[in-house]
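Here is how the chains run, residue by residue.
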Amino acid sequence: AQSVTQLDSQVPVFEEAPVELRCNYSSSVSVYLFWYVQYPNQGLQLLLKYLSGSTLVKGINGFEAEFNKSQTSFHLRKPSVHISDTAEYFCAVTAGGSQGNLIFGKGTKLSVKP
Amino acid sequence: DTAVSQTPKYLVTQMGNDKSIKCEKNLGHDTMYWYKQDSKKFLKIMFSYNNKELIINETVPNRFSPKSPDKAHLNLHINSLELGDSAVYFCASSQEDRGGEKLFFGSGTQLSVL
């Protein structure tokens, strides 16, 4: 079975500051990893995903994440955040097959302040 | 082009009632899903359905049942509503392309059981 731990429930940052949202996973088999964003009153949108290949994955809106197998981590980063990045961010994992079998973390609320 | 649409956006009802949430997907998509997001933002899969097979998360009470009247719809029926059913319910669908599987979420239905 897989599990996901998002270490921070809330991350407040000022606009234009860098941010890192942490995600660690647990699995006895190889996994695929995802980051989703949920803006207020909306459904989830895929930011980026790691399936294989390069461990540094670039996504939409200037976000990137690095897969670190030895540390079982998949932290999300952005060098300079905007007010519009304020949202809930979910890390997710699946061992394969359908993305509908994603196991989600409990989310990190990113609040960007002017 | 909306991949997934679900209605209603808000649903307020009394305990013991039976209610339905509708979900319609783009016909080019393969599989449909229902997720429940609780008050702590924890997102958990309830069902997946690909027109051939229904996969049920074993933790979902049998008061919840997905019904597919046609290929484009997977509606969620809930019988004898309980206070603990209050949550946001998301419908999702997936599509395979060259980049792999993509998951599309509806905007959610906030269910409040009084």
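Residues numbered from 1 in each chain as written. Chains lettered and ligands numbered in written order. Predicted model: local features only at pLDDT ≥ 70, side-chain atom pairs only at ≥ 80, totals over all residues. Heavy atoms only, no water.

Enquirer: Mind showing me how you'd approach the overall build of chain A here?
Expert: In terms of regular secondary structure, chain A is built from 0 helices and 12 strands. In terms of C-alpha radius of gyration, chain A reaches 13 Å, essentially the compact-globule figure of 13 Å for 114 residues. Principal-axis analysis of the C-alpha atoms gives chain A an extent of 40 × 30 × 20 Å. Counting only residues that meet the buried cut, chain A has 45% of its 114 residues in that class. (Helix = DSSP H or I, 4+ residues; strand = E, 2+ residues; numbered from the N terminus. Rg over C-alpha atoms; globule rule 2.2 N^0.38 Å. Buried < 20%, exposed > 50% of the residue type's maximum accessible area, 1.4 Å probe, protein only.)

Enquirer: Looking at this structure, I do not really get the sheet that holds strand β8 (residues 75-78) of chain B. What am I missing?
Expert: Residues and elements named next belong to chain B. Sheet architecture is open: 4 strands sit in the order β1-β3-β8-β7, paired in antiparallel fashion. At either end of the open sheet lies a strand with only one pairing partner, and these are β1 (4-7) and β7 (64-67). Averaged over all neighbouring strand pairs, the angle between strand axes comes to 20°, with direction disregarded. Relative to β8, β7 runs antiparallel, the two being bridged by 4 bridges. Within β8, the residue paired with Ser-65 across the bridge is His-77. (Pairing = 2+ DSSP bridges. Axes fitted to C-alpha atoms, helices over the stretch in contact; angles between N-to-C directions.)

Enquirer: Where do I start with unusual backbone geometry in this structure?
Expert: Most peptide bonds take the trans configuration, and most residues that are not glycine carry a negative phi. Residue Pro-8 of chain B follows Thr-7 of chain B across a cis peptide bond; omega there is 0°. Structurally, the position occupied by Pro-8 of chain B is in the loop between β1 and β2 (10-13). Positive phi outside glycine occurs at Glu-16 of chain A, with the angle close to 75°. Relative to the helices and strands, Glu-16 of chain A resides in the loop between β2 (10-14) and β3 (19-21).

Enquirer: Could you clarify how one ought to interpret the pairing of strand β10 (residues 87-94) of chain A in this entry?
Expert: The side chains of a regular strand alternate between both faces of the sheet. Residues and elements named next belong to chain A. Taking burial as the measure, the 8 residues of β10 include 8 buried ones, the bulk of the element. Burial along β10 is two-sided: the face carrying Ala-87, Tyr-89, Cys-91 and Val-93 and the face carrying Glu-88, Phe-90, Ala-92 and Thr-94 are both buried. Note: strand β5 (residues 32-38) against β10, 7 bridges, orientation antiparallel. If you follow Trp-35 over to β10, its bridge partner there is Cys-91.

Enquirer: Quick question: what am I supposed to make of the environment of Ser-48 of chain B here?
Expert: All names here are of chain B. The topology assignment puts Ser-48 in strand β5 (residues 43-49). Accessibility expressed as a relative area gives 9% for Ser-48, which makes it buried. Considered as a pair, Ser-48 and Gln-14 are 34 residues apart in the sequence and their alpha carbons are 27 Å apart. When near neighbours in sequence (up to four residues on either side) are disregarded, Ser-48 contacts Thr-31, Met-32, Tyr-33, Glu-53, Leu-54 and Ile-55. (Contact = heavy atoms within 4.5 Å.)

Enquirer: Would you take a moment to explain the interface of chain B and chain A for this structure?
Expert: The interface of chain B with chain A comprises 19 residues on the first partner and 19 residues on the second. Carbon and sulfur atoms supply 52% of the area that chain B and chain A bury against each other, a total of about 1,500 Å² over both sides. Counting the contacts that link chain B with chain A gives 0 salt bridges. Secondary structure elements with two or more residues in the side of chain B that touches chain A: β4 (31-37), β5 and β10 (100-105) of chain B. Among the elements that take part in the side of chain B that touches chain A, β10 of chain B stands out by supplying 5 residues, more than any other. Split into classes, the residues belonging to the side of chain B that touches chain A amount to 9 nonpolar, 5 polar and 5 charged. (Buried area = accessible area lost by both parts, 1.4 Å probe. Salt bridge = Lys/Arg side-chain N within 4 Å of Asp/Glu carboxyl O. Nonpolar A, V, L, I, M, F, W, Y, C, P; charged D, E, K, R; others polar.)

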